[in-house]
Amino acid sequence: MAVYKRGYRRYTGPLTGRWTRFLVLPRYAWRRIYQQRLVLLLTMVAFVWPILCAGFIYLTNHVELLQGLDREFREFIQVDGRFFSIFMYVQAGFAVFLAALAGPGLIAPDLANNALPLYFSRPLTRWSYALARLLVLVGMLSVVTWIPGLILFWLQVGLAGGEWFQANWTLGAGMVAGFLVWLLILSLVAMASSAYVKWRVVAAAVSLAFFFILSGVAEMIDNVLRVRWGHIIDPAWAVNQVWRALLGVTPVEGPGAVASAWALAAMVLLLVVVIERKLRPVEVVS
Amino acid sequence: MSSTTPVVELENLKVRLGRREILHGITCRLGVSGTGKAVGLLGPNGAGKSTLILTLLGFLRPSAGRARILGFDCARSMGDARSRIGYMPENDAFIGDMTAVAFVRQMAELSGLPPEAALEKAHQVLFHVGLGEARYRELRTYSLGMKQMAKLAQAIVHGPELVVLDEPTNGLDPAARRRMLKLITEMKSEQGMNVLVCSHLLRDIEQVCDEAVIMKEGAIVHHCDLEEERRSNRSFVELEVTGDDGNLRAALPEIGAEGVSEGFGRWRIVLPPGVEVDAIWGLVGRQKLLVRKLTHRRDTLEEIFLKAMGHLAHTPGEASLEVGQL
């Protein structure tokens, strides 16, 4: 029977699990995000570098193709921590722009349209709402960061063999962990800017400016005070330092990986507090 | 949940917003769950109606006392209650770039319906509220009346036991208002849902509610069972006759009624239960009096409201009773 002839009757069937219901939000959000052409285009462009890297891995594992090349150059092109760190820098850049494009559309429209009371009057807590929004970005950015990274890692394992894996498994684990830290920071920044700025374009600009401004301020502190610890407030610099430690690459001059990790943890905490203050079904003005 | 669980139970409920106490120790029990009845929450602006609703939904925490909805504590176990509640907020609340069907489906899924059932119910409920033809349009293109209906659709799509409606007829034209009130009545009578309606429109409450609570300055000043009021003996007749009405008072007990003359042929007569207005016509006919005006009425909710607000000393019905007892 056609729907319009059936009439409305109360639903009395089984319900889905209470703890997995928040996953409904990412499902709908991903559908909406990938309807944006710019997001889709940037996602596709972000696959170019992993494809080039895959070609590089293929080359380094086929010595016969490198016969004519200089010995020093052949030693230089190795699949090691440095290779994965370069891969990560490029993909992390794409992730910044993707987060700035997709992030503002997550919370800002809900706040602008007063949709939060509708969500929170259902079995959905503020934390599960925030987690769902975080998952949208982390899931979306994973597609261009650690997932292709892991594919490259296993490609190298497949071509170089089990011995290489035994000696370098920390590279794979470090890359995934490093990317996840970066995705967490990016997602929280995008969510925080989305929660405070209702206009998408401005929210996108704010989330990009966050990184550039902090980088500039860090540089200023270092130059004015003639110190090296100023960079610790620059999230891109701090995460780079952590990545280098995870991948076994020589760190850059300045605060170490542990100090950088603490700085990132403090930043995450601050961003969570900022988001928590804004995600309320009703705003109480004291 | 027992069959006598109140829909709303408040025990000395106090709510503070900042430094200001908005609700001052409210205690009451409203409705009985599963009975398909509507409770109206009335009061002037700033009376604390919306604060009470937000507290019942768990959005605001009580500063003292306790609030329970469908037997669940609003401050502690709202997770369990929320699957059974539908909420239609007063202000615009939607996701602008979604079609109505996607929006209602998403809300149904968040309430726990499996995706296929949610899609089916979304279509059904949108047809039910009259948005069937517009269900694939984005919500931002809807008129105010359509947005109100979409809000109602998302509130009932999951078949809740209790639907909380905050000013449901706000901004609606007369036809849309009638339709909204009809839908609310159907929700009670056909779907068996309990309804909590918050409104400052007395006629809306009078039309759809079985129970009414009047709030003033953060306290409940009157709680009445409208159904009981409708059934009770508070019905009275305002009569105006010409002719010699000197014997009318003595004749009234013939039909079991009491009344007093207000002079110049004007009478106020209280009808006991079971006595219809036809009996007055018969009596007046026997007294050879000519009826110039006969108004058979009960106390309106407006009169009850005005009395609760302190603008009337007595409702007309109460005045008649007092007069009848003289």
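Values in this document were obtained by computation on a predicted structure and should not be read as measured data.

1. Quick word on the domain arrangement of chain B
All names here are of chain B. As assigned here, chain B comprises domain 1 (6-225) and domain 2 (232-325). Using only C-alpha atoms to locate each centre, domain 1 and domain 2 end up separated by 39 Å. Every contact between the two is made by 10 residues of domain 1 and, on the other side, 7 residues of domain 2. Among the elements of the structure, helix H7 (202-208), strand E9 (211-216) and strand E10 (219-225) are those that each provide at least two residues to the side of domain 1 that touches domain 2. Residue composition of the side of domain 1 that touches domain 2, grouped by class: 7 nonpolar, 1 polar and 2 charged.

2. Remarks on the sheet that holds strand E11 (residues 236-242) of chain B
Residue and element names in this part refer to chain B. Within the open sheet, the 4 strands sit side by side as E12-E13-E11-E14. Their pairing is antiparallel. The strands lining the two open edges of the sheet, one partner per strand, are strand E12 (258-263) and strand E14 (290-297). Within the sheet, the average angular offset between the axes of one strand and its neighbour, ignoring direction, is 20 degrees. Of the strand pairs in this sheet, E12 and strand E13 (residues 266-270) are connected by 5 bridges, and their pairing is antiparallel. Residue pairing for E13: Val260 is matched across the bridge by Arg268.

3. So, the pairing of E13(B)
In the case of a regular strand, side chains alternate between the two sheet surfaces. Residue and element names in this part refer to chain B. In terms of residue burial, E13 counts as a mostly covered element, since 4 of its 5 residues are buried. Bridge count for E11 against E13 is 5 bridges, and the pairing is antiparallel. The partner of Phe236 across the bridge, within E13, is Val270. Counting the residues between successive antiparallel strands, the hairpin from E12 to E13 contains 2 residues, one of them, Phe264, with a positive phi of roughly 55 degrees.

4. Overview of the confidence of the model for chain A
Of all residues in chain A, 97% attain a pLDDT of 70 or more, and the chain-wide mean is 90. Across chain A, the secondary-structure element scoring lowest on mean pLDDT is helix H1 (residues 3-6) of chain A, at 66, and the one scoring highest is helix H10 (residues 146-160) of chain A, at 95.

5. As for the sheet that holds E9(B)
Residues and elements named next belong to chain B. Taken in spatial order, the 6 strands of this open sheet run E6-E7-E8-E3-E9-E10, and their pairing is mixed. Both edges of this open sheet fall to strand E6 (85-88) and E10, since each of them pairs with a single strand only. In this sheet, adjacent strand axes meet at a mean angle of 15 degrees when their direction is disregarded. Pairing between strand E3 (residues 38-42) and strand E8 (residues 194-199): 5 bridges, direction parallel. Bridge pairing in E8 places Gly40 opposite Val197.

6. Here we look at the confidence of the model for chain B
Residue and element names in this part refer to chain B. Scored by pLDDT, chain B has a mean of 86; 92% of the residues are at 70 or more. The secondary-structure element of chain B with the lowest mean pLDDT is helix H12 (residues 316-325), recorded at 59, while helix H3 (residues 100-110) shows the highest, at 95. Here the predicted complex carries an ipTM of 0.83, next to a pTM of 0.81.

7. Digging into helix H13 (residues 235-247) of chain A
Residues and elements named next belong to chain A. Counted at 1.5 Å a residue, the expected span for H13 with its 13 residues is 18 Å, and the 18 Å between its end C-alpha atoms agrees. Extensive coverage of H13 is indicated by the burial of 11 of its 13 residues. Looking at H13, one finds that the buried residues are Pro235, Trp237, Ala238, Val239, Asn240, Gln241, Val242, Trp243, Arg244, Leu246 and Leu247. Structurally, H13 contributes buried residues whose contacts are with helix H6 (81-102), helix H11 (162-196), helix H12 (200-225) and helix H14 (257-278). Following H13 by one or two positions, Gly248 adopts a phi angle in the positive range, close to 75 degrees.

8. Quick word on the environment of Asp210(B)
All names here are of chain B. Relative to the elements of secondary structure, Asp210 occurs in the loop between H7 and E9. Residue class for Asp210 comes out buried when judged on the 20 C-beta atoms lying within 10 Å of it. Taking the C-alpha atoms as reference points, Asp210 and Glu228, separated by 18 residues in sequence, lie 8.3 Å from one another. Look past the residues within four positions of Asp210 in its chain and what remains in contact with it is Lys37, Ala38, Leu226 and Glu227.

Calculation notes
- By convention here, each chain's residues receive numbers from 1 onward along its written sequence.
- Written order determines the labels here, with chains lettered from A and ligands numbered from 1.
- Local features in this predicted model are restricted to residues whose pLDDT is 70 or higher, and side-chain atom pairs enter the listing and the counts only when it is 80 or higher, whereas totals over whole chains, interfaces and linings include all residues.
- Reported domain spans reflect what an automatic or database domain assignment gives.
- Contacts here follow a simple rule: the backbone-placed C-beta atoms of the two residues must lie within 7 Å.
- Numbering of helices and strands runs from the N terminus, with a helix taken as a DSSP run of H or I at least four residues long and a strand as a DSSP run of E at least two residues long.
- Note on residue categories: nonpolar means Ala, Val, Leu, Ile, Met, Phe, Trp, Tyr, Cys or Pro, charged means Asp, Glu, Lys or Arg, and polar means any other residue, Gly included.
- By definition, two strands form a pair when at least two bridges between them are found by DSSP.
- In this description, a line fitted to the C-alpha atoms serves as the axis of each element, helices being fitted only across the stretch in contact, and the angle between N-to-C directions of two axes falls anywhere from 0 to 180 degrees.
- Any residue surrounded by 20 or more other C-beta atoms within 10 Å of its C-beta is treated as buried, while 12 or fewer makes it exposed and the intermediate range makes it partly exposed; C-beta atoms here are placed from the backbone.
- Values of pLDDT, the confidence the predictor places in each residue, fall between 0 and 100.
- Each residue after the first adds 1.5 Å to the expected span of a helix.

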